[in-house]
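Here is what each chain is made of, one letter per residue.
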Amino acid sequence: MLQNVKHHVGANLLQLIIGATLALALSACGGGGGSPGTVTGGTGGTGGSANTAKATMTVSDGAGVAITTLSGGQTGTVKVTLTDATGKPAVGAIVSFTTSAADLLVFKPASATALTDDKGVAVISVAPASVTAAGAASITATAPVGTQTLTATVNVAVGAAPLTVGTLFFTPTPSGKLPAFSTVQLNIPVTSGGVAATSVTGEVMTSLCVGDGTATLVKGSLANGVLTATYTNKGCLRGSDSITVSIGNSSQTISLGVDAANIGTIQFVGTDLSGTSIVLKGSGGQGRKEAALVTFRVIDQNNNGLAGVDVTFKATTTIGGLTVAPAKGTTDASGNVTTTVSSGTIPTPVRVFAEATRNGVTISGLSDSLIISTGLPIQKSLSLSADSYNFEGWDRDGEEASLTVRLADQYGNPISNGTAVNFVTEGGAVGSSLQGACTTSDGGCSVKLKSQNFRPANGRVTVLAYVQGIENFIDSNGDGQYSCTDFTSANGSTAYRPLVDVCNSGGEPFTDQGDPYLDTGDSTIYMGQPAKKHGLDGSYNPALGDQPFPYNTTYSAAGNGKWGLNYISASAEFVFSGSVPTLVRVNAAGADWNPAADGSAADVLAGVAGSGCGNKDVYFRLHDVNNNPLPKGTIVGTADVDKVSALTVSPNLVGSSTSIGGTFHSVTIKPDSGCASGIFSISVKSPKGDSTYLFRFKTT
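All values derive from a computational prediction rather than experimental measurement.

Asks: Would you mind showing me how to read the overall build of the chain here?
Replies: Counting secondary structure elements, the chain contains 4 helices and 48 strands. Looking at the chain as a whole, 43% of its 700 residues are labelled buried. Here the analysis covers contacts within the chain between residues at least 6 apart in sequence; of these, 66% occur between residues at least 24 apart. Accessible surface computed for the chain: about 32,200 Å², of which carbon and sulfur atoms make up 52%.

Printed below as a string of structure tokens:
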């Protein structure tokens, strides 16, 4: 019957029925006398008969109002009242509390016990285990009173507390706009049922700048109902950001002034070319391009790309009609901006000058294959060298020498990779089919000089290497750049900018350079005893074929009186050496042999034979058909030695030389034991030659 009732009545009614049944049972046992048994108090009611101990329990909120529901951060008060069998308060009884769902409810204190006072009342606090806890649970109080154990039970519903976002505020309060890459603490008060929240989940923090990717919001800790977050301005361009924090249906918004990031530097990113060169105007096609798309990147102090920055462009030279367009561009979201360089009709190295301004800060730089970080090439640190200055090119096409140019800035540091160096020559061919130039790597680059027509009559050719760089100067104040006190600004700036502003006076000491030119020297062939070391005359003479470069300019030996960008250059003279040698005997002083003055014919070595014979040295010079040195690597030795012996010729190889008259050599000849007259020959063979040439001497 009880089981059937349980299915059709509520839990409270069931407990009342059970209580009544127990009371009847006790009455049947002697009207309250005999064994007292265990009395169970009904929910919110009284257990036992009139002669038994009783327990009642209630749950109320902070205002003392009875409740059956707890939510979120709400705390309830559980009150249990105990009376003994005589109806008097049970004083000093220990009451223990339990719950049917420990994951929903927790007691305070955690021991879940309380002592009844002089009114027989024990009090304890109960709260949801978390703000997200939800469900239903029973609370049971158990206490021994006399010889009986009393219990009382109540049921409560547990609901997740709605969290409310309070008014947002910053710590410290920003004074003015928040600078780029600065942070500020955002404070977010959160309550649950009017009580400071002890935990917060499900919060959503957004802002306009965060959406742009130019700010961040990072959640911090919760203390005393205030959740913190760190806001970082990463250079937002909006000027003012709107920050919103939402939890469920509750949200708050706050505004914050923000400053855009300052410019840190301008990087040269690269071009759309496979290399770094474009061809002359009108020479495009077959994979060669007359224009290049040049890309720069504007970055801030933290190396992040800056969007929305206006950048102006101009070329360091417009010779031959070279152009840069557009002259102005705006950086994209990554900080990139592009312009196009179109070639002119004159071969020349060129750089693109880029300038940008943000928050009153102006940054400028020249294009290069690397970030603008090293200095421009300077005249004093430019050198030109070759692996051979005399190669076998007079009678042979395609023979070559490797030329290397090296560049450094005013401090001797290698200039940035990708700097273009131009080469020109009045004989043979220099460079490759792709370009008559090379681009630097680690401060240097190389090209080939090849033998072919045109061949100057004296077999000598000049190579000129030139590149845009800066004139020599003395960095008196050690600031790493040219300084000037009296200048005319190109845009009204109060600070002097080298290469951009015009220095009127008060500049650091410098060497004013004239224009570079190809010194072709003269075509005279100096036969006989050499009269000079080389064929270059060291002065500009267009009648001899000297040419200013870049070509088609009016040559000026004097500078313009201003320090700045110029064409810095270096020249080297080369010999297209012939393969056929000529041997000229010379005396110990190096003068051509004079039989009358030197005591014997040129092909006779006296003193090696006969009375008083001994070791003798023979001196000679070797030259080609144009009185130039034989090719580098020509082998010089002795042969057909009879009744004498010869030491090794010194030097036994022709070295790298451009000296007019050729190279000087010597060999020691030793008599045999009988001091008889003998013969010997000087043998000469060029690196490419098929024949060995012999020059015969006799000894007396």
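Picking up after the structure, the text goes on.
Asks: What is the right way to look at the sheet that holds strand E48 (residues 693–699) in this model?
Replies: Paired through backbone hydrogen bonds, the strands of a sheet run either parallel or antiparallel to each other. The 4 strands lie next to each other as E42-E48-E47-E44, forming an open sheet whose pairing is mixed. A strand with exactly one partner marks an edge of an open sheet, and here the two such strands are strand E42 (604–605) and strand E44 (635–642). Pairing geometry for E42 and E48, over 2 bridges, is parallel. Note that in E48 the partner of Val604 across the bridge is Lys698.

Asks: Help me out: how do you make sense of the environment of Asp486 in this one?
Replies: Topologically, Asp486 is positioned in strand E36 (residues 484–488). The spacing of Asp486 and Ser505 is 19 residues in sequence and 5.2 Å in space, taken between C-alpha atoms. In this structure, Asp486 is in contact with Val502, Cys503, Asn504 and Ser505, ignoring residues within four places of it in sequence. Within the local environment of Asp486, its side chain forms a polar contact with the side chain of Ser505, the two groups lying 3.0 Å apart.

Asks: What is the right way to read the sheet that holds strand E31 (residues 420–425) from this model?
Replies: The 5 strands lie next to each other as E29-E40-E35-E31-E33, forming an open sheet whose pairing is mixed. Among the strands making up the open sheet, the edge pair consists of strand E29 (390–391) and strand E33 (437–439). Pairing between E31 and strand E35 (residues 460–470): 4 bridges, direction antiparallel. Residue pairing for E35: Asn422 is matched across the bridge by Tyr466.

Asks: Would you explain the packing of aromatic side chains in this entry?
Replies: By convention here, two paired aromatic rings are described through the distance between centres and the angle between planes. A complete count under the given rule lists 16 aromatic pairs for this structure. With a centroid separation of 5.1 Å and an interplanar angle of 20°, the aromatic rings of Tyr389 and Phe574 are classed as stacked. In this pair, Tyr389 is assigned in the loop between strand E28 (383–386) and E29 and Phe574 in strand E40 (residues 565–576), connecting sequence segments 185 residues apart. The exposure class of Tyr389 is partly exposed, given its relative accessible area of 22%. Grouped by ring-pair contacts, the aromatic residues Phe473, Tyr482, Phe510 and Trp563 constitute a single cluster. For the cation-ring pair, Arg585 lies above Trp593, with the distance from its terminal atom to the ring centre recorded as 3.7 Å.

Asks: Please explain the environment of Tyr389 as it appears in this structure.
Replies: Distance in space between the C-alpha atoms of Tyr389 and Ser577 is 9.4 Å, their sequence separation being 188 residues. One polar contact links the side chain of Tyr389 to the main-chain amide nitrogen of Ala386, over a distance of 3.2 Å.

Asks: Quick question: what am I supposed to make of the pairing of strand E9 (residues 135–145) here?
Replies: Working note: regular strand, side chains alternate between the two faces of the sheet. With 4 bridges joining them, strand E5 (residues 94–99) and E9 adopt antiparallel strand pairing. Residue Thr98 lies in a different strand from E9, and its bridge partner there is Thr140. In this structure, E9 lies alongside strand E10 (residues 148–159), joined through 11 bridges in antiparallel fashion. Pairing of Thr142 across the sheet is with Thr151, part of E10. Connecting E9 to the antiparallel partner E10 that follows it, the hairpin turn spans 2 residues, and Gly146 within it adopts a positive phi of roughly 60°.

Asks: So what exactly am I meant to see when it comes to the pattern of salt bridges here?
Replies: Where charged atoms from two side chains of opposite charge approach closely, those side chains can pair. Per the stated rule, a full pass over the model turns up 8 salt bridges. Note that Asp212 is salt-bridged to Arg238, the shortest N-O span being 2.6 Å. Separated by 26 residues along the polypeptide, Asp212 in helix H3 (residues 208–212) and Arg238 in the loop between strand E17 (226–233) and strand E18 (240–247) bring together distant segments of the chain. Overall, the relative accessible area of 45% leaves Arg238 in the partly exposed class. Between Asp310 and Lys328 there is a salt bridge; the shortest N-O distance is 4.0 Å. A residue pair is termed long-range when its members are at least 10 positions apart, and Asp310 in strand E22 (residues 310–315) and Lys328 in strand E24 (residues 328–330) qualify at 18 residues.

Asks: What's the story with the state of the cysteines in this structure? I'm lost.
Replies: Each disulfide consists of a covalent bond between the sulfur atoms of two cysteine residues. Taken as a whole and assessed by the stated rule, the structure comprises 4 disulfides. Cysteines bonded in the chain are numbered consecutively along the chain; their disulfide partners then correspond to 1-2, 3-4, 5-6, 7-8.

Asks: Help me out: how do you make sense of the side chain of Arg460 in this one?
Replies: Relative to the helices and strands, Arg460 is located in strand E35. A polar contact of 2.8 Å, which involves the side chain of Arg460, links it to the side chain of Asn628.

Asks: Is there a simple way to explain unusual backbone geometry in this structure?
Replies: A negative phi angle is the norm for most residues apart from glycine, just as the trans form is the norm for most peptide bonds. Residue Thr171 is joined to Pro172 through a cis peptide bond whose omega torsion reads -10°. Inspection of the secondary structure assignment puts Pro172 in the loop between strand E12 (169–171) and strand E13 (183–192). The omega torsion across Ala325 and Pro326 is 0°, close enough to zero to call that bond cis. Topologically, Pro326 is positioned in the loop between strand E23 (323–325) and E24. The phi dihedral of Ala112 is positive, around 55°, even though this residue is not glycine. As for its position among the elements, Ala112 is in the loop between strand E6 (105–108) and strand E7 (113–115). Judged by its relative accessible area of 9%, Ala112 falls in the buried class. A positive phi angle is found at Asp442, which is not glycine, with a value near 55°. Mapping Asp442 onto the fold places it in the loop between E33 and strand E34 (444–450). In this structure Asp442 comes out as exposed when scored by relative accessible area, which is 60%.

Conventions and cut-offs
Residue indices follow the written sequence of each chain, beginning from 1 at its first position. Per-residue local features are limited, in this predicted model, to residues with pLDDT of at least 70; the limit for side-chain atom pairs, both in listing and counting, is 80 or more; totals at the level of whole chains, interfaces and linings are taken over all residues. With hydrogens and water set aside, each side-chain value is computed from the structure's full complement of heavy atoms. The helix count covers DSSP runs of H or I at least four residues long, the strand count covers runs of E at least two residues long, and both are numbered beginning at the N terminus. Exposure classes here rest on a 1.4 Å probe applied to the protein chains alone. A residue is buried below 20% of its type maximum, exposed above 50%, and partly exposed in between. Here a residue-residue contact requires only that any non-hydrogen atoms of the pair lie within 4.5 Å. Accessible areas in this description were obtained via Shrake-Rupley with a 1.4 Å probe; residue shielding takes into account the shown protein chains only. In this description, strands pair whenever DSSP reports at least two bridges between them. The term polar contact refers here to a pair of N or O atoms within 3.5 Å; inside protein, the definition further demands a hydrogen-donor-capable atom paired with an acceptor-capable atom, and it admits residues adjacent in sequence only when both atoms are side-chain atoms. To pair, rings of Phe, Tyr and Trp, with the six-membered ring standing in for Trp, must have centres within 6.5 Å; the planes then decide the type, stacked if under 30 degrees apart, edge-to-face if over 60, and tilted in the middle. Placement of a charge over a ring requires the Lys NZ or Arg CZ to be within 6 Å of the ring centre, with the centre-to-atom vector within 35 degrees of the ring normal. Here, a salt bridge means any side-chain nitrogen of Lys or Arg that lies within 4 Å of a carboxyl oxygen of Asp or Glu. Pairs of cysteine sulfur atoms within 2.5 Å are what we label disulfides.

Nothing here speaks to function; it is geometry throughout.
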